[in-house]
Amino acid sequence: MKDNYFNTIQQFNDFNGCETLHPLVSVVHVDSTDHITETFDHYGLYAIYLKENKGCKLSYGRTPYDFDEMTVTSFAPGQTVKVELVDVPKGGHVDECGNIYAADGKVVGSTFAKFTALVFHPDFLNRTSLGRNLSRYEFFDYTSSEALHLSAQEVEIFRGVLSMIEQELHHPIDKHTRELIVSNIELLLNYLLRFYDRQFITREEINHSVVKKFLSLLDDYISDKAEREGLPTVAYFADKCCLSTGYFGTLVKTETGRTAKDLINDRIMGKAKELLASDTLSVTQISQRLGFEYPQHFVRFFKAMTGKTPTQWRAA
């Protein structure tokens, strides 16, 4: 198995058999049976994929994406992506068009990969407003089993914005080129924010189950693990829910109206008050039980939350 390093637009375009029209940005369309079955792609680029057919699994590290036709996945520089084609299931077959069928006759994939991708180098955004504010597009850090599933109308919007970028790439480079392409990249990213918001809302039942699991794990952690392992973190529970920290945080905020960190602090406070009310443990012992490294950290935390020190609250 060979590693493929895409640190430049030229490398990405060469791998996919596409012409390089600009050294720092590209839109590629791939409909190919020539790609190797498994590949690890080490990106020095931002990449946004629109997957247009069933037929391959995609994962970031050890976490598989829910990656079906008409889905979008986004990757930031430094991320490692594994791509592999779907195996023919037992009792299934492949037709002359490359479609993979299960034993029950249902199409489950394809022997080729078909996708459209926008890729751009971080240098392309240097000294731009978008470059300074790119962190607001948290979906670049989503490493979860959730890709963005697009409706037919959303696919048309996605393709329409990419078409404007492509038109500009085919125009001779002039003093307006960069500004126009950057503005269209920003437009696309803003649409993706809207589409993700829509997906969080339409997947309310799934989101509710994740929050329920999170709160259950949180209560167990505070009761049984905090003293040994320290204060609970958002990242810990995101991992337990098989979600990236960014996606998990957005999901919890969408579902509850509060941040995951706020909910953690609330549960810690509830347990702290419960232990203080029992009058059997000292403040130092309670701080250790809750996972604080030093008692003074617990005192500062408690006072910030209640306006009183633990001792004052206990005496009230």
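Scroll up for the structure.
These remarks concern the structure in this document. Because the structure is a prediction, the values reported are computed rather than measured. (Residues numbered from 1 in each chain as written. Predicted model: local features only at pLDDT ≥ 70, side-chain atom pairs only at ≥ 80, totals over all residues. Heavy atoms only, no water.)

## Here we look at the packing of helix H4 (residues 177-202) against helix H8 (residues 245-256)
- Relative orientation of the contacting elements H4 and H8 amounts to 60°, with a least axis distance of 10 Å. Judged by the angle between their axes, H4 and H8 are oblique. Note on packing geometry: the crossing formed by H4 with H8 is right-handed. Of H8, the residues touching H4 (which contributes Tyr196, Gln199 and Phe200) are Tyr247, Thr250, Leu251 and Thr254. (Axes fitted to C-alpha atoms, helices over the stretch in contact; angles between N-to-C directions. Helix = DSSP H or I, 4+ residues; strand = E, 2+ residues; numbered from the N terminus. Parallel < 35°, antiparallel > 145°, perpendicular 65-115°, else oblique. Left-handed = near helix turned anticlockwise from the far one by under 90°. Contact = heavy atoms within 4.5 Å.)

## Considerations on the pairing of strand E4 (residues 46-51)
- Along E4, 6 of the 6 residues are buried, which leaves the element largely enclosed by surrounding structure.
- Side chains Tyr46, Ile48 and Leu50 project from E4 onto one buried face, and the interleaved Ala47, Tyr49 and Lys51 project onto a second face that is buried too.
- Alignment of E4 against strand E7 (residues 71-75), held across 5 bridges, turns out to be antiparallel. Within E7, the residue paired with tyrosine 49 across the bridge is threonine 73. (Buried < 20%, exposed > 50% of the residue type's maximum accessible area, 1.4 Å probe, protein only. Pairing = 2+ DSSP bridges.)

## As for the packing of aromatic side chains
- All chains considered together, the criterion is met by 22 aromatic pairs.
- A centroid spacing of 6.3 Å and a plane angle of 75° characterise the contact between tyrosine 196 and tyrosine 247, whose relative ring orientation is edge-to-face. Of this pair, tyrosine 196 sits in helix H4 while tyrosine 247 sits in helix H8; the two residues are 51 residues apart in sequence, bridging distant segments of the chain. Of the two residues, tyrosine 196 and tyrosine 247, both sit in the buried class.
- The rings of Tyr46, Phe120, Tyr137, Phe139, Phe140, Tyr196, Phe200 and Tyr247 are connected pair by pair, giving a single aromatic cluster. (Phe/Tyr/Trp six-rings, centres within 6.5 Å; stacked < 30°, edge-to-face > 60°.)

## A closer look at the nonpolar core
- Among the nonpolar cores identified, the biggest contains 66 residues, and Leu118, Phe140, Ile185, Leu189 and Phe248 are the most heavily contacted of them.
- With 9 residues, H4 is the single largest residue contributor to this core.
- The next biggest cluster of nonpolar side chains, apart from the first, holds 14 residues, and it includes Phe6, Ile9, Leu45 and Phe115. (Core = buried A, V, L, I, M, F, W, Y, C linked by side-chain atoms within 4.5 Å.)

## With respect to the pattern of salt bridges
- Applying the stated rule across the entire model yields 7 salt bridges.
- Aspartate 266 is the partner of arginine 258 in a salt bridge, and the nearest nitrogen-oxygen pair spans 2.1 Å.
- Using a relative accessible area of 34% as the deciding quantity, one classes arginine 258 as partly exposed.
- Using a relative accessible area of 30% as the deciding quantity, one classes aspartate 266 as partly exposed. (Salt bridge = Lys/Arg side-chain N within 4 Å of Asp/Glu carboxyl O.)

## Focus: the environment of leucine 215
- When you line up the elements, leucine 215 lands in helix H5 (residues 204-224).
- As a C-alpha pair, leucine 215 and leucine 263 span 48 residues in sequence and 8.3 Å in three-dimensional space.
- Apart from the residues within four sequence positions on either side, leucine 215 is in contact with Leu263 and Arg267.

## Quick look at the packing of helix H10 (residues 283-290) against helix H11 (residues 295-306)
- Direction vectors running N to C along H10 and H11 enclose 85°, while the axes themselves pass 9 Å from each other. Accordingly, the angle class assigned to the pair H10 and H11 is roughly perpendicular. Contact with H10, carried on its side by Val283, Thr284, Ile286, Ser287 and Leu290, involves Pro295, Phe298 and Val299 of H11 and no other residues of that element.
- Residue classes in the contact of H10 with H11 are distributed as 6 nonpolar, 2 polar and no charged. (Nonpolar A, V, L, I, M, F, W, Y, C, P; charged D, E, K, R; others polar.)

## Remarks on the side chain of threonine 177
- Note that threonine 177 resides in helix H4.
- A residue is classified by how much of its surface remains accessible, and threonine 177, at 2% relative accessible area, is buried.
- One polar contact links the side chain of threonine 177 to the main-chain amide nitrogen of aspartate 174, over a distance of 2.8 Å.
- If sequence neighbours within four positions are ignored, threonine 177 has contacts with His22, Glu168 and Pro172. (Polar contact = N/O pair within 3.5 Å; in protein donor to acceptor, adjacent residues only side chain to side chain.)

## Side note on the state of the cysteines
- Applying the stated criterion across every chain yields a total of 0 disulfides.
- With no disulfide of its own, cysteine 242 lies closest to cysteine 241 among cysteine sulfurs, the gap being 7.6 Å. (Disulfide = S-S within 2.5 Å.)

## Digging into unusual backbone geometry
- One non-glycine residue, arginine 127, lies in the positive phi region at around 60°.
- On the basis of relative accessible area, arginine 127 is assigned to the exposed category, the value being 75%.
- One non-glycine residue, cysteine 242, lies in the positive phi region at around 60°.
- Here cysteine 242 shows up in the loop between helix H7 (234-240) and H8.

## Observations regarding H8
- Look at H8: 16 Å from first C-alpha to last across 12 residues, which is about the 16 Å you get at 1.5 Å a residue.
- Of all the residues in H8, the buried ones are Tyr247, Phe248, Thr250, Leu251 and Val252.
- Against H4, H5, H7 and helix H9 (260-278) lie the buried residues of H8.
- Glycine 257 occupies a position one or two residues after H8 and carries a positive phi of about 80°. (Expected span 1.5 Å × (residues − 1).)

## Brief notes about the pairing of E7
- Among the 5 residues that make up E7, 5 are buried, leaving the element largely enclosed by the rest of the structure.
- Of the pairings in the sheet, the one linking E7 to strand E13 (residues 148-149) comprises 2 bridges and is antiparallel in character. Of the residues in E13, the one forming a bridge with threonine 71 is histidine 149.

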